[in-house]
Amino acid sequence: MQEADAIAANKANWDDRADVHVRSDMYDVERFLADPTVISTVVQNDLSVLAPHLPVSGIQGRSLLHLQCHIGTDTLSWARLGAIDVHGLDLSPKSLHHAARIAEANSHEITWVEGDARFAASLINRRFEIIVTSTGTIVWLPELANWAQSIHDLLEPGGVFMIRDDHPILGALAFEPWNITDDYLSGGGVRTYEDSSSYTDNSTGQIAHATNHEWRHDLGEVIGSLLRAGLHIESVAELPYMDWPAFPELIPCANGWELAQGSPRIPLNFAVVARRPLS
């Protein structure tokens, strides 16, 4: 399959997902809009990773780009925390349609950009103090070299980037611990599967464009791509929680979902913080 065809199929799949997700209990858009103090759990977790690398004022008053922003609840959460000149980029026009509606209903001005995160620097003509991406993002990108270069080019000198995402070991386990059934290391090509449901509630059979294409990116590739793009790595963490119930053994916790006490201790998320040098 041609890469362009795989990207087009994923775009159609996420257009379908956007309509399902915006109605879901998991995103609970009505509650999110009703209470302007609500910050998504995803962003709370992201901020706990990012905060030690920010000045005392934190996010407040800093320009921010959110890559692969989906329906924008996390993007709006960053704006609620005080980020300014907030931009959200996503491949799916339907996701951005919902994102714009949600932000407008909350009287927040956010710039929405449609496109592939790998080529964000060719779509946005400005730099940011902070760039973030998290929760199920890079698996949809065929390669990370252009992605990392775009992040470098879109950061102001001294600006900081954070990624927090599902740990790649879970892909190798096919999210069904405890047997390895798929690649962990990068470079094995595209993984294609059919799934007419999504990770939200009441989604079974709701996705018309059911073909998914994913690419494995191990931690070495993620960190190496950022280093080769000229960024400095400030921290790397492997975390015991994740943002969605990826498999039945997970139980709710303050950060989202975790394994029960006594289970084998494996990472469920990873996080990397990197900075563009001042010169």
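Higher on the page you've got the structure.
Because the structure is predicted, anything quoted here is derived from the model rather than measured.

Cut-offs used in this document
- Residues numbered from 1 in each chain as written.
- Predicted model: local features only at pLDDT ≥ 70, side-chain atom pairs only at ≥ 80, totals over all residues.
- Heavy atoms only, no water.
- Pairing = 2+ DSSP bridges.
- Helix = DSSP H or I, 4+ residues; strand = E, 2+ residues; numbered from the N terminus.
- Contact = heavy atoms within 4.5 Å.
- Axes fitted to C-alpha atoms, helices over the stretch in contact; angles between N-to-C directions.

### Structural notes on the sheet that holds strand β10 (residues 250-253)
If you trace the three strands from one edge of the open sheet to the other, you get β9-β11-β10, paired in antiparallel fashion. Edge positions in the open sheet fall to β9 (241-242) and β10, since each of these has one partner strand only. When β9 meets strand β11 (residues 256-259), the two strands line up antiparallel, connected through two bridges. Across the sheet, M242 pairs through a bridge with W257, a residue of β11.

### Some remarks on the environment of E214
Here E214 shows up in strand β7 (residues 211-215). When neighbours within four sequence positions are excluded, E214 is seen to be in contact with V139, W140, G189, V190, R191 and Y193.

### Some thoughts on the side chain of H53
Mapped onto the elements of the fold, H53 is located in the loop between α3 (41-50) and β1 (63-67). Those residues in contact with H53, other than ones at most four positions away along the chain, are V160, E234, S235, V273 and R275.

### Concerning the sheet that holds strand β2 (residues 84-90)
Spatial ordering of the open sheet is given by β3-β2-β1-β4-β5-β12-β8, a layout of seven strands whose pairing is mixed. Each edge of the open sheet carries a strand with a single partner, namely β3 (111-114) and β8 (232-239). Taking the axes of each pair of neighbouring strands and ignoring which way they run, one obtains an average angle of 15° across the sheet. Inspection of the sheet shows β1 paired to β2 by four bridges, in the parallel sense. The residue of β2 that forms the bridge with H66 is G88. Sitting on the sheet, helix α6 (residues 145-154) touches β1, β4 (128-134) and β5 (155-166), and the angle it makes with β5 is about 140°.

### Quick notes on the environment of L141
Its location among the elements puts L141 in the loop between β4 and α6. The spatial distance from the C-alpha of L141 to the C-alpha of W215 is 6.5 Å, given a sequence separation of 74 residues. Beyond its immediate chain neighbours, meaning those up to four positions away, L141 contacts Q68, D116, A117, R118, W147, W215 and H217.

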